[in-house]
Structure formats: structure tokens, C-alpha cells
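Chain by chain, the residues:
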Amino acid sequence: FIRRHIALIEPRILIFVGGTAASALVGTTQGITRLRGRWLIYRDPGAPVDSEGIPAMPILHPAYLLRQPALKRETWHDLLSVRARLDELD
């Protein structure tokens, strides 16, 4: 369902909020604390093999940030990275 929505919208960047989203869409087994802050590439299984994919930034889930407020600073830096990437694409 979500893969079809992504294909229809054709976003320039994806933000995976939490480990479940990242593991479901990229297929990784790493935890969100290891994934966050690193750019991943989302590739639609139905897309042509030569497609570039969509850059994706995994971030910590807001519920996790409520339990670990010290990590908000790292998430803010992740979101600044997303903003910079969007500026590069324009």
C-alpha cells in the first residue's frame, strides 16, 4: 500500500520516521539508532533496474524522543540535513 503511494507521488526525498518504517521500506535489519543520520536509497521493487531510487533519511520516532529528550538535538541535525538536501535539488 505505502509503496504504491510513494510511486504515485514520486517524492524527491523520503523521511522514515522510526525503525519500523526504515526496515519495512529499505529491508535493513539494523536498528534505528545505527541508521539515523545516514542517507539511504529507497528503490521501488516495481521500478526499472536502472532507476536511481529516492534518497531517504531515517529519523527517530517522536514517541522515542519523548522518552529520550537528549536525542532531540541529533534528530534536529538530521532534519537540517534533509533541508540541505532539498536545497541542493532545487
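Every value quoted in this text rests on a predicted model; they were computed, and no experiment measured them. (Residues numbered from 1 in each chain as written. Predicted model: local features only at pLDDT ≥ 70, side-chain atom pairs only at ≥ 80, totals over all residues. Heavy atoms only, no water.)

*Asks:* I'd like a rundown of the nonpolar core, residues and numbers included.
*Replies:* Counting residues in each nonpolar core, the largest one holds ten residues, listed as Ile 6, Leu 14, Phe 16, Ala 22, Leu 25, Leu 35, Leu 40, Tyr 42, Ile 54 and Ala 56. Elements represented by at least two residues in this core include exactly strand 1 (14-17), helix 2 (19-26), strand 2 (40-42) and strand 3 (54-59). Grouped together as the second largest cluster of nonpolar side chains are five residues, Ile 13, Met 57, Ile 59 and Val 82 included. (Core = buried A, V, L, I, M, F, W, Y, C linked by side-chain atoms within 4.5 Å. Buried < 20%, exposed > 50% of the residue type's maximum accessible area, 1.4 Å probe, protein only. Helix = DSSP H or I, 4+ residues; strand = E, 2+ residues; numbered from the N terminus.)

*Asks:* So what's going on with the sheet that holds strand 3? Residues and values would help.
*Replies:* Pairing in this open sheet of three strands is mixed, and the strands run 1-3-2 from one edge to the other. In the strand order of this sheet, the two ends are held by strand 1 and strand 2, each with one partner. The mean angle between the axes of side-by-side strands here comes to 40 degrees, regardless of whether they run parallel or antiparallel. Where strand 1 meets strand 3, four bridges bridge the pair, whose relative direction is parallel. Residue pairing across strands places Leu 14 opposite Ala 56, the latter belonging to strand 3. (Pairing = 2+ DSSP bridges. Axes fitted to C-alpha atoms, helices over the stretch in contact; angles between N-to-C directions.)

*Asks:* Residue-level account of the pattern of salt bridges, with values.
*Replies:* Scanning the entire structure with this criterion turns up four salt bridges. Note that Arg 12 and Asp 90 form a salt bridge whose closest N and O atoms lie 2.6 Å from each other. Here Arg 12 is found in the loop between helix 1 (2-9) and strand 1, whereas its partner Asp 90 is found in the segment after helix 5 (72-89), with 78 residues between them in sequence. Asp 87 is the salt-bridge partner of Arg 83, the closest N and O atoms lying 2.7 Å from each other. Of this pair, Arg 83 and Asp 87 both sit in helix 5, four residues apart, roughly one helical turn. (Salt bridge = Lys/Arg side-chain N within 4 Å of Asp/Glu carboxyl O.)

*Asks:* Can you lay out the pairing of strand 3 for me, pointing to particular residues and giving the numbers?
*Replies:* By the criterion of burial, strand 3 is predominantly enclosed, with six of the six residues buried. Neither face of strand 3 is open: one carries Ile 54, Ala 56 and Pro 58, the other Pro 55, Met 57 and Ile 59, and all of them are buried. Bridge analysis of strand 2 against strand 3 gives three bridges, and the strand direction is antiparallel. Within strand 3, the position partnered with Leu 40 by the bridge is Ala 56.

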